[in-house]
Amino acid sequence: MQDIFYEESVSMRDDRPAKRMYIVFTVLGALCIVFALFALFSLYIVWFFTDAEQTTMTQIIITTVIWGVVMILMIVGAVLMLKKRHSFYISYDYTYVSGDLRISKVMHQRKRKHLYTISENRMIKIGRYDSESYKKLKASPENKEDILTPNEEAGEGKEFFYIYTGTAVGKKILVLECRLEMISAIIRHLNKNILESEFNRKQWK
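Let us look at the structure shown here.

1. Comments concerning the sheet that holds strand E6 (residues 144-147)
Here is step 1 of the chain: Reading across from one edge, E5-E7-E8-E6 is the order of the four strands in this open sheet, with mixed pairing throughout. Only two strands of the sheet have a single partner each, and these edge strands are strand E5 (123-128) and E6. Strand after strand, the sheet turns through a mean of 20° between neighbouring axes, direction not considered.
Here is step 2 of the chain: With five bridges joining them, E5 and strand E7 (residues 159-167) adopt antiparallel strand pairing. In the strand pairing of E7, lysine 125 is matched with tyrosine 164.
Here is step 3 of the chain: Of the strands in this sheet, E5, E7 and strand E8 (170-178) are in contact with helix H4 (residues 180-189), which crosses E5 at around 150°.

2. Topic: the sheet that holds strand E1 (residues 5-10)
What links the strands of a sheet is backbone hydrogen bonding, and the strands pair in either a parallel or an antiparallel sense.
Here is step 1 of the chain: Taken together, four strands build an open sheet; the order of strands is E1-E2-E3-E4 and the sheet is antiparallel. The open sheet is flanked by E1 and strand E4 (111-119), the only strands paired with a single partner. Pairwise comparison of adjacent strand axes, ignoring direction, gives a mean angle of 15° for this sheet.
Here is step 2 of the chain: As paired strands, E1 and strand E2 (residues 90-97) are joined by six bridges and run antiparallel to one another. Counterpart to glutamate 7 in the pairing with E2 is threonine 95.
Here is step 3 of the chain: Packed on one face of the sheet, H4 meets E1, E2 and strand E3 (100-107) and runs near 30° to E2.

3. Notes on helix H3 (residues 132-139)
Here is step 1 of the chain: Of the residues making up H3, those classed as buried are Ser133, Tyr134 and Leu137. Projected onto a plane normal to the axis of H3, the buried residues spread over an arc of 100° and lie on a single side. Every exposed residue of H3 that faces more than 90 degrees away from the buried side is listed here: Lys136 and Ala139.

4. Section: the nonpolar core
Here is step 1 of the chain: Among the nonpolar cores identified, the biggest contains 28 residues, and Tyr94, Leu101, Met123 and Ile126 are the most heavily contacted of them.
Here is step 2 of the chain: Breaking this core down by element, the ones donating at least two residues are E1, E2, E3, E4, E5, E7, E8 and H4.
Here is step 3 of the chain: Among the elements that make up this core, the one with the highest residue count is H4 (six residues).
Here is step 4 of the chain: Ignoring sequence-local partners within four residues, the contact set of leucine 101 consists of Tyr94, Thr95, Tyr96, Tyr116, Thr117, Ile118, Met123, Ile163, Leu176, Met182 and Ile186.
Here is step 5 of the chain: Among the nonpolar cores identified, the runner-up in size contains six residues, and Tyr134, Leu137, Tyr162 and Val175 belong to it.

5. Overview of the pairing of E8
Here is step 1 of the chain: A large share of E8 lies buried, amounting to seven of its nine residues.
Here is step 2 of the chain: Pairing analysis gives nine bridges linking E7 to E8, with the strands arranged antiparallel. Opposite threonine 167, over in E8, you have glycine 170 as the bridge partner.
Here is step 3 of the chain: What sits between the antiparallel neighbours E7 and E8 is a turn of two residues.

Each value, and the rule that gives it
Residues numbered from 1 in each chain as written. Predicted model: local features only at pLDDT ≥ 70, side-chain atom pairs only at ≥ 80, totals over all residues. Heavy atoms only, no water. Pairing = 2+ DSSP bridges. Helix = DSSP H or I, 4+ residues; strand = E, 2+ residues; numbered from the N terminus. Axes fitted to C-alpha atoms, helices over the stretch in contact; angles between N-to-C directions. Contact = heavy atoms within 4.5 Å. Buried < 20%, exposed > 50% of the residue type's maximum accessible area, 1.4 Å probe, protein only. Arc of directions from axis to C-beta. Core = buried A, V, L, I, M, F, W, Y, C linked by side-chain atoms within 4.5 Å.

Below, the structure written as structure tokens:
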């Protein structure tokens, strides 16, 4: 059988909410840095400008601990905020290589996380999102759904499809946003028919 390679990426159609959250978390991260510097400055004042005659060592230690904790919390907060701001820009990569479908999540074109490698012998059914077959699968409590697109509306030339498959943690319904050509590439490589019964079969003739 001829080797098949097919790759698609799906990005956010409307990234305005992601931009807003990016700005919010950037500002919060910057504020955490400012407060951390203020806490550091306060520690400097406590240790070098406190009147030793009017302040006991116990008071100095307590004040140091308080400002030290504040500084540590602000540093941790800054790191988390500045890291989290990239997680709102989400895209997905789908790669089909002769029997294996590989799905990865990409955050702000900076970090890639591999999610699934689905071999053809684990694929049970393929169909269109919101079809009757999909609704029956979704209704079963043993099937878990994973939406692998950042969009609520499909992009130009693309549709929402589902792949019902077995994984290491049970059966899952994977929802993809891709072109029909990708589904066609998968189906034509399989040696079994796993299309849902209501799928428009003339597409494959």
